[in-house]
Amino acid sequence: MLDTPKDRRPSVSALTGPLVEDLVNKADILRLDVSRSACGARIVDAGIAARGGIEAGRRIAEICLGGLGSVSIDASARFQRWNTMVTVTTADPVIACLGSQYAGWSLADGDFFALGSGPARALWAKEDLFGELGYRDRAEQATLVLEVDRPPPDSLVAHVAAECGVAPESLTLILTPTTSLAGTVQIVARVLEVALHKTHALHFPLERVVDGIGSSPLPPPAPDFVAAMGRTNDATLYGGDVQLFVTGPESEARELAEGLPSSSSRDHGRTFAEIFTAYKGDFYAMDPMLFSPARVTVTALETGRSFTFGAFHDDILERSFA
């Protein structure tokens, strides 16, 4: 149940419940390991000791979207060599992408650090973003996805459960290393989310975003973390394509389309790994406006006109993915 009875927006935790149970029930097929932490939380390993895979990553991406989105793996002729696309659609792009999928929960315990994404964020709901969205979830179970290469300490697991207001036994943590197949898929499936996040950063009213669709090429995973992080980011920065459908003046739709592509950033033009190295690994020194799709189309629903800015960069993808 949501905080306000008149608010008919769905519970992302309730919607993902069946998806999580199906993931766990098919763990053997999907090459996942399921265990219990010392405090009783369920831990799903999707690429640390377990092998995981593309289908596991696709399902985990839909869990990250709070049960409000669909993720598919499709063939495309967009690029000469990298022809497998991860495509994302949602029933409610703002809640699916920003209210659930966005990795906005910063978690730390000793030398362990992770960013949490998925429906449990809306139970915690302490990010300022949730106040802007006017959204908070209530549920008896919680699911959080962590991009990590080792399990979190049990003290942190118990903390997450307490912050979500659920018993540890009702918490599921899904672990997806960036270097894994599943991790690669679920990160690339954030192509629409990064467009929505930049839309928010550009101060375009989120309530005017009616719908959206996005796709990015699926890169091969890399055993080195920086290379893997670089490839998953480059997939969207130089190969991602998003279309947003918005209400309001046509001129503002055009302005949004012009500001959204990654080419609007001062750091555009090099692989993510090259940029990351140039900033000596200081992620926060990078231009935040870089994190957006390569090409964006915004359609003004009142007039039906569409505006497209940005371009794909096959040469940069080749340097990054090869």
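Anyway, here's the lowdown on the structure attached to this text. Every chain's residues receive numbers from 1 upward, in the order its sequence appears when written. Two thresholds apply to this predicted model, a pLDDT of at least 70 for residue-level local features and 80 or more for giving and counting side-chain atom pairs, whereas whole-chain, interface and lining totals are computed over all residues. To get the side-chain values, take all heavy atoms of the structure and skip hydrogens and water.

**Description of the sheet that holds strand β7 (residues 142-146)**
Criterion used throughout: strands pair if DSSP finds at least two bridges between them. Secondary structure elements follow DSSP: runs of H or I no shorter than four residues count as helices, runs of E no shorter than two count as strands, and numbering proceeds from the N terminus. Spatial ordering of the open sheet is given by β1-β2-β8-β7-β6-β5, a layout of six strands whose pairing is mixed. Sheet topology places β1 (33-36) and β5 (105-109) at the edges, where each strand pairs with a single neighbour. With direction set aside, neighbouring strand axes in the sheet form an average angle of 30 degrees. Bridge analysis of strand β2 (residues 42-45) against strand β8 (residues 171-175) gives four bridges, and the strand direction is parallel. Counted as the bridge partner of Asp45 is Leu175 from β8. Along the sheet, helix α3 (residues 54-64) contacts β6 (112-117), β7 and β8; its crossing angle with β7, the most-contacted strand, is approximately 125 degrees. Axis definition: a line fit to C-alpha positions, over the contact stretch in the case of helices; interaxial angles, taken between N-to-C directions, run 0 to 180 degrees. Whether two residues touch is decided by their heavy atoms; if any such pair falls within 4.5 Å, the residues are in contact.

**Notes on the nonpolar core**
By convention a nonpolar core is built from buried Ala, Val, Leu, Ile, Met, Phe, Trp, Tyr and Cys residues, the set being connected through side-chain atoms within 4.5 Å. For every residue, the accessible area obtained with a 1.4 Å probe (protein chains only) is divided by the maximum for its type, and the residue is called buried under 20%, exposed over 50%, and partly exposed between those limits. Ranked by size, the top nonpolar core spans 56 residues in total, and within it Leu196, Leu244, Val246 and Val298 carry the most contacts. Looking at which element gives the most residues to this core, the answer is helix α4 (residues 93-101), with five residues. Counting residues in each nonpolar core, the second largest holds 22 residues, with Phe112, Val148, Val160 and Leu171 among its members.

**Remarks on the packing of aromatic side chains**
The description of two aromatic rings rests on the distance between their centres and on the angle between their planes. Note on aromatic pairs: the rings of Phe, Tyr and Trp (six-membered ring only in Trp) are paired at centre separations within 6.5 Å, and the planes decide the class, stacked below 30 degrees, edge-to-face beyond 60, tilted for the rest. Throughout the structure, instances matching the rule amount to eight aromatic pairs. With a centroid separation of 5.4 Å and an interplanar angle of 35 degrees, the aromatic rings of Phe283 and Phe291 are classed as tilted. The class for Phe283 is partly exposed, based on a relative accessible area of 35%. Taken together through their ring pairs, the aromatic side chains of Phe272, Phe276, Phe283, Tyr284 and Phe291 make up a single cluster.

**Topic: the packing of helix α10 (residues 225-239) against helix α13 (residues 314-321)**
When two helices pack together, their arrangement is captured by the angle between the axes and the distance separating the axes. The interhelical angle for the contact between α10 and α13, taken along N-to-C directions, is 175 degrees, at an axis separation of 10 Å. Regarding the angle of α10 to α13, the classification is roughly antiparallel. Of the residues in α13, those touching α10 at Gly230, Arg231, Asp234, Ala235, Tyr238 and Gly239 are Ile316, Leu317, Ser320 and Phe321. Under the scheme applied, nonpolar residues are Ala, Val, Leu, Ile, Met, Phe, Trp, Tyr, Cys and Pro; charged residues are Asp, Glu, Lys and Arg; polar residues are all the others, including Gly. A per-class count over the contact of α10 with α13 returns five nonpolar, three polar and two charged. By the definition adopted for this analysis, an angle is roughly parallel if under 35 degrees, roughly antiparallel if over 145, roughly perpendicular if from 65 to 115, and oblique otherwise.

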